[in-house]
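Summary of structural features
As a plain string of letters, each chain reads:
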Amino acid sequence: MDITIGIWQILLLLIIAALLILPIIAILDIVKGEFKGRNDKLIWILVVLFLNPLGTLLYFLIGKDQKVSLLEINHSSTDSSPETK
């Protein structure tokens, strides 16, 4: 019994691994991040879960730009603090 693994089998395994790993990475990134809108986090999680692999691709292309940067978080926290005179 000769079992050989060709290039097509390796390519198929890599594609399957990417389809399983990339949504997990996207969901972890969504959960850890802060977004501009109130419901953006929930919407992106649902998009990634139900539209896989297209939803994962959309998140990495579009969704990461909707996250709030640390500079914006620090700027908004200093603006809301009361001024002392």
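Above this note sits the structure.
Small disclaimer: the values here were computed from a predicted structure and weren't measured.

Quick look at the overall build of the protein chain now. For the protein chain, the helix and strand inventory stands at four helices and zero strands. Ordering the α and β elements of the protein chain from the N terminus gives α-α-α-α. Counting over 85 residues, the protein chain shows a buried share of 15%. Within the protein chain, contacts between residues at least 6 apart in sequence are counted, and of these 56% link residues at least 24 apart. As displayed, the protein chain has an accessible area near 7,100 Å², and 70% of this comes from carbon and sulfur atoms.

Looking now at helix α3 (residues 54-61). Among all positions of α3, only Gly55, Thr56 and Tyr59 are buried. For α3, the angular spread of buried residues about the axis comes to 100 degrees, placing them on one side. At its buried positions, α3 is contacted by α1 (7-32) and α2 (40-50).

Attention now moves to the nonpolar core. Counting residues in hydrophobic clusters, the biggest one holds seven residues: Ala26, Ile30, Phe35, Trp44, Val47, Val48 and Tyr59. Ranked by residues supplied to this core, first place goes to α2 with three residues. Setting aside chain neighbours within four positions, we find Trp44 in contact with Ile30, Phe35, Gly55, Leu58, Tyr59, Ile62, Gly63 and Gln66.

For residues that are not glycine, phi is negative in most cases, and the peptide bond is trans in most cases. Asn52 connects to Pro53 through a cis peptide bond whose omega is 0 degrees. Turning to its location among the elements, Pro53 is positioned in the loop between α2 and α3.

A separate point is the side chain of Asp29. By secondary structure assignment, the location of Asp29 is in helix α1. Among the residues examined, Asp29 registers a relative accessible area of 15% and is labelled buried. With residues up to four places along the chain from it excluded, the contact list for Asp29 reads Tyr59, Lys64 and Lys67.

Attention shifts here to a nonpolar patch on the surface. Residues Leu42, Leu46, Leu49, Phe50, Leu51, Leu54, Leu57, Leu61 and Ile62 make up a contiguous nonpolar surface patch of roughly 920 Å² in combined accessible area. Among the elements of the structure, α2 and α3 are those that each provide at least two residues to the nonpolar patch. If one sorts the elements of the nonpolar patch by residue count, α2 sits on top with four residues. You can see Leu54 is positioned in helix α3.

About the criteria used
- Residues numbered from 1 in each chain as written.
- Predicted model: local features only at pLDDT ≥ 70, side-chain atom pairs only at ≥ 80, totals over all residues.
- Heavy atoms only, no water.
- Helix = DSSP H or I, 4+ residues; strand = E, 2+ residues; numbered from the N terminus.
- Buried < 20%, exposed > 50% of the residue type's maximum accessible area, 1.4 Å probe, protein only.
- Contact = heavy atoms within 4.5 Å.
- Areas by Shrake-Rupley, 256 points an atom, 1.4 Å probe, with all protein chains shown as cover.
- Arc of directions from axis to C-beta.
- Core = buried A, V, L, I, M, F, W, Y, C linked by side-chain atoms within 4.5 Å.
- Patch = residues over 30% accessible without salt bridge, like charges linked within 9 Å, V, L, I, M, F, W, Y side chains within 5 Å.
- Salt bridge = Lys/Arg side-chain N within 4 Å of Asp/Glu carboxyl O.

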